[in-house]
Amino acid sequence: LVRLASMLYCSALQQVCDLENDTLEIIKTDGMSEESLEYLQGANDRCEIILQWIQRAIVEAEAGKVLKVPPPILSRSFQELSRGIVNLNNVRKIREIQFPFPYAQMVTCML
């Protein structure tokens with residue numbers, strides 16, 4: 001779960017950052033299948049895939065009685081993961097959609 005969270009954080013930063021070299025360090029991917037890593041490399045939106053893997057791991061751990069938490073707390077963890085992805089998508093919108101030129105000119109004139 002920690003490795004997946006590390007991959008999710010790295011993928012989110014790679015989608016948002018504007019660096020020439022966007023290779024970021026993650027925790028080792030030991031224990032993950034080679035097929036999964038290859039699928040993830042070719043995917044269009046890696047954050048969504050990793051989020052689904054995290055959610056599946058949480059559900060499987062809860063079903064296998066590895067996690068013994070009350071349902072309201074478990075649902076809150078899903079809610080927080082969802083809010084993180086929504087915030088990431090909002091940042092991506094700000095990064096990808098440019099500020100309209102006439103507005104920028106008007107703000108410059110007003111200042």
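Just so it is clear, the structure is predicted and the values come from calculations on it, not from any experiment.

Some thoughts on the confidence of the model for the protein chain
At step 1: Averaged over all residues, the pLDDT of the protein chain equals 88, while 100% of them reach at least 70.
At step 2: Per-element mean pLDDT across the protein chain ranges from 86 in helix 5 (residues 101-110) up to 92 in helix 3 (residues 46-63).

Re the packing of helix 1 (residues 2-16) against helix 3
At step 1: Running from amino to carboxyl end, helix 1 crosses helix 3 at an angle of 160 degrees, the nearest separation of the two axes being 9 Å. Here helix 1 is positioned roughly antiparallel relative to helix 3, judged by the angle of their axes. When you trace helix 1 past helix 3, the crossing you get is left-handed. Between helix 1 and helix 3, the contacting residues are Leu-4, Ala-5, Met-7, Leu-8, Ser-11, Ala-12, Gln-14 and Gln-15 on the first element and Arg-46, Cys-47, Ile-50, Leu-51, Trp-53 and Ile-54 on the second.

What to know about unusual backbone geometry
Peptide bonds are, in most cases, trans, and in most cases residues other than glycine have a negative phi.
At step 1: Positioned with a positive phi, Lys-65 is a non-glycine residue whose angle comes to about 65 degrees.
At step 2: Residue position: Lys-65 is located in the loop between helix 3 and helix 4 (71-96).
At step 3: Residue Lys-65 is classed as exposed on the basis of its relative accessible area of 58%.

Thoughts on the environment of Ser-11
At step 1: Examined against the element boundaries, Ser-11 turns out to sit in helix 1.
At step 2: The buried category is assigned to Ser-11, whose relative accessible area is 6%.
At step 3: Taking the C-alpha atoms as reference, Ser-11 lies 9.8 Å from Glu-48; in sequence the two are 37 residues apart.
At step 4: When neighbours within four sequence positions are excluded, Ser-11 is seen to be in contact with Arg-46, Cys-47 and Ile-50.

So, helix 3
At step 1: Here helix 3 is 18 residues long and its end C-alpha atoms lie 26 Å apart, about the 26 Å a rise of 1.5 Å per residue gives.
At step 2: For helix 3, the set of buried residues is Cys-47, Ile-49, Ile-50, Leu-51, Trp-53, Ile-54, Gln-55, Ile-58 and Ala-61.
At step 3: Buried residues along helix 3 sit against helix 1, helix 2 (34-42) and helix 4.
At step 4: Two residues or fewer past helix 3, Lys-65 is found with a positive phi of approximately 65 degrees.

Calculation criteria
- Residues numbered from 1 in each chain as written.
- Predicted model: local features only at pLDDT ≥ 70, side-chain atom pairs only at ≥ 80, totals over all residues.
- Heavy atoms only, no water.
- pLDDT = per-residue confidence, 0-100.
- Helix = DSSP H or I, 4+ residues; strand = E, 2+ residues; numbered from the N terminus.
- Axes fitted to C-alpha atoms, helices over the stretch in contact; angles between N-to-C directions.
- Parallel < 35°, antiparallel > 145°, perpendicular 65-115°, else oblique.
- Left-handed = near helix turned anticlockwise from the far one by under 90°.
- Contact = heavy atoms within 4.5 Å.
- Buried < 20%, exposed > 50% of the residue type's maximum accessible area, 1.4 Å probe, protein only.
- Expected span 1.5 Å × (residues − 1).

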